[in-house]
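Analysis of the macromolecular model
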Amino acid sequence: MTAGLATIPLAALQALLRQRGQPAWRAKQILDWRNKGVLDPAAMRNLPAALRAALPEWLRCDPFTCVARQQSVDGTRKYLLQLNSGNNAGKRIETVYIPERERGTVCISSQIGCPLDCPFCCTGSQPFDGNLTGDEIVAQLLHVMDDLRRHPLDNGASNRVTHVVFMGMGEPMSNERGLHAALKALLEALGISRRRITVSTSGLVHGIARLGKSYPVNLAISLHAASNPLRDRLVPINRTFDLTRLRASLDDFPLPAQRHITLEYVMLAGVNDRPEDIEALAAFVNRRRERVNLIRYNPHPASHFTGSSSAQIDAFAHQLTARGIRTTVRRSRGDDIMAACGQLNSVLESR
Ligand code: SF4
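In this numbering scheme, every chain counts its residues from 1 along its sequence in written order. Per-residue local features are limited, in this predicted model, to residues with pLDDT of at least 70; the limit for side-chain atom pairs, both in listing and counting, is 80 or more; totals at the level of whole chains, interfaces and linings are taken over all residues. Derived side-chain values reflect all non-hydrogen atoms in the structure, with water molecules and hydrogen atoms excluded from consideration.

Quick look at helix H9 (residues 275-284)
Selection criterion: Exposure categories follow from relative accessible area, calculated using a 1.4 Å probe and restricted to protein chains: below 20% of the type maximum is buried, above 50% is exposed, and the middle band is partly exposed. Only DSSP runs of H or I covering at least 4 residues are called helices, and only runs of E covering at least 2 are called strands; the numbering of each starts at the N terminus. In this analysis, two residues are considered to be in contact whenever any of their non-hydrogen atoms come within 4.5 Å of each other.
The complete set of buried residues in H9 reads Asp277, Ile278, Ala280, Leu281, Ala282 and Phe284. Buried positions along H9 lie against helix H7 (228-234), helix H8 (243-252), strand S8 (261-267), strand S9 (290-296) and helix H10 (310-322).

Things to note about unusual backbone geometry
For His224, which is not glycine, the phi dihedral falls at a positive 65°. Tracing the backbone through its elements, the reader meets His224 in the loop between strand S7 (218-222) and H7.

Concerning the pairing of strand S3 (residues 92-99)
For clarity, the threshold we go by: For two strands to pair, DSSP has to find at least two bridges joining them.
Judged by how many residues are buried, S3 sits mostly within the fold: six of eight residues are covered. Of the strand pairs in this sheet, strand S2 (residues 77-83) and S3 are connected by six bridges, and their pairing is antiparallel. Bridge pairing in S3 links Lys78 to Val96. Examined bridge by bridge, S3 and strand S4 (residues 104-107) share four bridges and lie antiparallel to one another. Residue pairing for S4: Pro99 is matched across the bridge by Gly104. Taking the residues that link successive antiparallel strands as the turn, the S3-S4 hairpin has four residues.

Section: the sheet that holds S3
Note the threshold: Axes here refer to lines fitted to C-alpha atoms; in helices the fit is confined to the stretch in contact. Angles between the N-to-C directions go from 0 to 180 degrees.
Strands sit in the order S1-S2-S3-S4-S5-S6-S7-S8-S9-S10 across an open sheet of ten strands; the sheet is mixed. Because the sheet does not close on itself, it has two edges, and the strands there are strand S1 (64-71) and strand S10 (327-330). Between one strand axis and the next, the sheet turns through 25° on average, direction left out of account.

Take a look at the structure:
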């Protein structure tokens, strides 16, 4: 069994049903449920009982069991999902839902852990344990949609998933097969606009080029330093793809009108928030095509870094703005539930 309900296109599901003696029109009913986030055939009430029972034998339906769900006072929800079949059976990943009044963003994982070892990152401090399939990536989004449908937020925030960001566990571009399969399904099978999808990478330049050619969605770069010596330390992939190569790949990335590449910059006290860091960043940014997003650091027990103070972040932002760089400061969300990627899993595993 290779096909998964989360990503199967209509024509493929129709063919599968026909092969098994079922009317092809049932495929539309099944995908109407899937597109609402329902991956459990038992909950597809308009299907005959025999078909509901048979579907999990014909294609992989819900790949996850939710082993923990936490909700922040601000409505942010974090899910610890355990894979229940396939090559990754028994392994766990994290998915986060971040609601605002008018939009809801799902932050999805692309790998189990991460092979890239950025020293400030909680996921990077955990062992890398494999790639997710496209189906397992998309199923995270569907799982959140289903949860919001069954247990809506009651604080006035959005219960509708409008945006998807690949910013959970893992480096999406070191799992290109899973990434591209997931993007194909998100864009074509689920009909999500490419303007509402963002892939974040630490800077694998070949992957950036292929993404631009195949799926030109929004691009975010985990930059965190704009000089090679510091970035070699903070984002070790920089030793392979340095800032000159990253610069060239960003300049080549196709951008629709009015869109920008986002340069993510986590603020680490005394490390990358100094005056020379402002100058390096100002020299790196292409002001016409890029903007900087400053991120408050979410400390975790395995890290020896501390976050810059709010005053330091504001001063840093002010200095960048004064140099003509579009700069935003990301509001911290879900602090009380350890919403930085990798934190929930590491806390549960240390119990
Ligand atoms: S910051 Fe991103 S690329 Fe670096 S270790 Fe963490 S998850 Fe991996």
